[in-house]
Structures are given as C-alpha cells and as structure tokens.
Amino acid sequence: MATATFGGRTPAKAPSQLGDQARAKTRLLAIDALRGLVMIIMLVDHVRETWFLHHQVTDPMNALTVDPALFFTRLTSQICAPVFVALTGLSAWLFGQSHSKAETSLFLIKRGLFLMVMDVTLITFAWSTTFPPKIFWLQVIWTIGICMIILAGLIHLPSRARIAIGLVILFGHNLLDGIILQPGDSFYVPWAMLHQRATIDLGAGFVARTTYPVLPWIGVILLGHAIGPWFASDVQPAERRRRLMRLGLTFILGFVALRFVNAYGDKPWFYTGETIRTVMSFLALTKYPPSLLFLLPTLGLGAVLLAFFERRSDAKATAWLAALGSAPMFYYILHIYVLRTLYNSALLIWGPNHGPSFGVESIVWVWIWSVALILPLYYPSKWFAQYKRDHRDQHWLRYL
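This write-up is about the structure you can find in this document. Along each chain, residue indices are assigned from 1 in the same order as the chain's sequence is written. Two thresholds apply to this predicted model, a pLDDT of at least 70 for residue-level local features and 80 or more for giving and counting side-chain atom pairs, whereas whole-chain, interface and lining totals are computed over all residues. Only hydrogens and water are removed before side-chain values are computed, so all heavy atoms of the structure are retained for them.

Regarding the packing of helix H4 (residues 101-128) against helix H13 (residues 328-350)
Two packed helices can be described by the angle between their axes and the distance between those axes. Only C-alpha atoms enter the line fits that serve as axes; for helices the fit covers just the stretch in contact. Angles between N-to-C directions range over 0 to 180 degrees. Helix and strand assignments follow DSSP, with helices taken as H or I runs no shorter than four residues and strands as E runs no shorter than two, numbered in order from the N terminus. Two numbers describe how H4 lies on H13: the axes approach to 9 Å, and their chain directions differ by 20°. Taken together, the axes of H4 and H13 lie roughly parallel to each other. Seen from above, H4 lies across H13 with right-handed handedness. Within the contact between the two elements, H4 uses Leu 115, Met 118, Leu 122, Ile 123, Phe 125, Ala 126 and Trp 127 and H13 uses Met 329, Tyr 332, Ile 333, Ile 336, Tyr 337 and Arg 340. Each residue is assigned to one of three groups, with Ala, Val, Leu, Ile, Met, Phe, Trp, Tyr, Cys and Pro labelled nonpolar, Asp, Glu, Lys and Arg labelled charged, and all others, Gly among them, labelled polar. When grouped by side-chain class, the residues that make up the contact of H4 with H13 number 12 nonpolar, no polar and 1 charged. Oblique is the label for any angle not covered by the other classes, which are roughly parallel (under 35 degrees), roughly antiparallel (over 145) and roughly perpendicular (65 to 115). Note on convention: the crossing is left-handed when the near helix lies turned anticlockwise from the far helix by less than a right angle, right-handed when the turn is clockwise. When checking whether two residues touch, look at their non-hydrogen atoms; a contact exists if any pair is within 4.5 Å.

Printed below as a string of structure tokens:
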C-alpha cells in the first residue's frame, strides 16, 4: 500500500504506530527464524537420506541395532515436521487478521491444492528421478496441503471448538492405533490417508504411499492456529514469550512424565543394560503417524525456540535464519534437486559402492556435506525472499 507524502517526505508516525510496527516486525522475524533453523536441520536429515541410504532406520528407530551417531543424527530432525505444520496454522491465523474468513478459507484451499500438486509432481520426481514415477510418496508437503484445506473449513467454528478438536486429536489419536485395515477392506483407502501408513494401489502399476497419515497433523495445525491470538498486535512481547515458554515447558515435562510411566502414547521403552541404548529406547518415538509422545517434545521445543528467537530478535543469527525461513517452499524444492543432482552425478561417475546405491562411509560426512551446502542454498533462497518482497503485486508468489 502506498504511503501518502507531504512536501516530498513521508509524514512522521506517532510513537504508538512505530511501537506497533516494531513489535510486528519482531514477532514475524522470530517465526521466520524458527522456520529457517528447522530448514537447516531438515537439510541434515535429507543429506542422510541421500548419502547414507545404505544405513536406513526404522520407525521408531531400533535402539538395540542403530548406531548411536546415526540415531542422534536422525533424532535432530524430529522437530521439523511438527514445527512446519504448527507454523502453517499460526501463519493462517496471521493471514486472517487482514482478510475475511471467506478470503482466508479460499486462500487456504487454493494453496493447499497447490502444495498437493507440487508434492506429487516436482517433489516426487526429484526423489525418484523417474518419469512417470511408479510410487507417489505422499509426504509432508502433501499433508500440509490437506491440513490447510481442512483448516479452511474449521476456521468457521468457534475458537473453543477448534481448540477442543485439536487437543482431542493430539491426545486421543493413539487410541486408534489398533485399527489396522487391509487392502480390500471397507474404508481402507480413507483410513490409510488418515491414520495408517500404507500403500494404495492406483492401478496400471502405480501406487501411492501414505508416508504422513494426516489425522494427527490436523491436530497440530489447529493448535498452531490456536496460539495465533498470542501474536496479536496488542499482546506485549514479554507476555507472548511467557506464554510460549509455559506451553513449551509444559509439553516437554508432560512428555517426560508420560514416557516414564510407559503406559500410553507410543511403543514402550525398555532397559537395555547400556545407558546410551536405554536413553535411545526412551527417545525412540513413532513419526509415521506421529504419536502423542513424538509431538509433545517437538512442539514443546518449537514453542521454546520461538520465544528465544523473539527475545534475540536483534541478533545477527536471528536475521540470517529469518532470511532463509522467509522462502520455505523455494528452499524445499531447491535443496531436494541439488541433493539429487549431486547424488546422481556421484553415482554416474563412481558407480554404486553400497549395494545398488552410492554412499559415504561415515555419518560424519553427512554433517560435513550439510554444512558445506548451507551457503549455496542460502543465497538463492535469500534472493527469492527479496524478490517476493519487491513484487508483492504478483499474487502467485504467495503460493511459494
């Protein structure tokens, strides 16, 4: 929106307006910084899935057999999907503050459909490098798209109803774990989409794999949307940080207590006779679909980090991460294509060295490759984020 000028100068703004603008910039910077941090962590996990494919891990990870270095490398990435989905809900609330509910719903539906199409086309092709791909991996981008479409309808409910639905899903969906359907059973396909990681036969030799069953993630996006009022312009930053810290620590402590009881929320942990592997058993949690005990500590840590980044909004690292986090979809697609191009080039040059795949010998190289790729991915993402800011009139850019 153009700013009126007088005498060639922008008129001075009242102190209250400047304060509101500063607070808005601080809270949005913190959100982008958290997203940027998660994107770097995601890079480590995807480098692992590219260059360490010969050492795959189960879900949940087997504490008795997985190398500890690999276990904790994989563990770092557990925060990624919960934070991405929760921030999607929060961003939807922020979008709704300057748009009507009808406009917000329409945008969520259109962007949700856009993400679903992107997942089964550009993203699936990047991972498979075959066209047409025989397996469509319905992954996190697909699930975020579905969650946005469902949120488009749920935002018309009273806020208490939305919060209640989110909490019931978060704390209660593990009660459904015993429902396992087989191909040919009634409701097999919708149940595979909702809560059972399974393969759906599409015919003609094509299949879809529901990597991220959507039901628990609906609860996450609703809870992300529910904390939106904490980010209203009239909420003081100190009060918002207190709420985020309280929520985050409650979730983390709740996880520790519930996990120690060992009665609900995930597969039981056990003593192994080795301290490190007993700790690994305690932390081995189910991601597909995410259990209650998977979501509590990851969402809790996300809330704590969000409060931290807002407190340190003037730090250079926060601004650096925020620049990366303001172009998430561009970064996501870019980093997958970069990884697959590097991998296929190495496979072509040196050939397979671990069965049918090419890989590095040590998990240390996964971290080295990840660090080396940060800057080559950062600068194009920063450029695209700036391009979006400079071309706000191009509405299609909002979908990226």
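After that view of the structure, there is still more to cover.
Some words on the side chain of Thr 73
Tracing the backbone through its elements, the reader meets Thr 73 in helix H2 (residues 68-76). Whether a residue is buried, partly exposed or exposed follows from its accessible area with a 1.4 Å probe, protein chains only, as a fraction of its type maximum: under 20%, in between, or over 50%, in that order. Assessed through its relative accessible area of 4%, Thr 73 is described here as buried. Polar side-chain contacts of Thr 73 include one of 2.8 Å to the backbone oxygen of Ala 69. Once residues within four sequence positions are removed from consideration, Thr 73 is found in contact with Val 44, Ile 363 and Trp 367. Under the rule applied, a polar contact is a pair of N or O atoms within 3.5 Å (in protein, one hydrogen donor and one hydrogen acceptor; residues adjacent in sequence only if both atoms are side-chain atoms).

As for the sheet that holds strand S1 (residues 135-138)
What the 3 strands build is an open sheet, ordered S1-S3-S2; its pairing is mixed. Since the sheet does not close on itself, it has two edges, and those belong to S1 and strand S2 (199-203), each with one partner. Within this sheet the neighbouring strands show an average axis-to-axis angle of 20°, counted without direction. Where S1 and strand S3 (residues 206-210) come together, 4 bridges link them in parallel fashion. By the bridge assignment for S3, Ile 135 is matched with Val 207. Two strands are counted as paired when DSSP detects at least two bridges linking them.

Considering H13
To estimate the expected span of a helix, count its residues, drop one, and scale the result by 1.5 Å. In this model, H13 (23 residues) spans 33 Å end to end at C-alpha, consistent with the 33 Å of a helix rising 1.5 Å per residue. Backbone geometry just after H13 places Gly 351 at a positive phi near 80°.

Remarks on the packing of H2 against helix H10 (residues 275-283)
One can describe the packing of H2 onto H10 by two numbers: an axis separation of 11 Å at closest approach and a directional angle of 30°. Taken as axis vectors, H2 and H10 run roughly parallel relative to one another. The crossing of H2 and H10 is left-handed. Across the interface between the two elements, Pro 68, Phe 71, Phe 72 and Leu 75 from H2 touch Ile 276, Arg 277, Met 280 and Leu 283 from H10. Of the residues contributing to the contact of H2 with H10, the split by class is 7 nonpolar, no polar and 1 charged.

Describing the packing of aromatic side chains
Pairing of aromatic rings covers Phe, Tyr and the six-membered ring of Trp, with a centre-to-centre limit of 6.5 Å; geometry is then stacked below 30 degrees between planes, edge-to-face above 60, and tilted otherwise. A full pass over the atoms with the stated rule returns 18 aromatic pairs. Consider the rings of Phe 255 and Phe 282, whose centres lie 5.8 Å apart with planes at 70°: the pair is edge-to-face. Here Phe 282 lies in helix H10 and Phe 255 lies in helix H9 (residues 237-261), a separation of 27 residues in the sequence. Of the two residues examined, Phe 255 and Phe 282, each falls in the buried class. Aromatic side chains Phe 308 and Phe 309 sit 5.6 Å apart centroid to centroid with 65° between the ring planes, which places their arrangement in the edge-to-face category. By relative accessible area, which is 43% here, Phe 308 ends up partly exposed. Directly above the aromatic system of Phe 206 lies the positively charged group of Lys 134, at a separation of 4.7 Å from the ring centroid. Placement of a charge over a ring requires the Lys NZ or Arg CZ to be within 6 Å of the ring centre, with the centre-to-atom vector within 35 degrees of the ring normal. It is Arg 197 that lies over the ring of Tyr 288; its NZ or CZ is 4.1 Å from the centre.

This is a description of form; function is not addressed.
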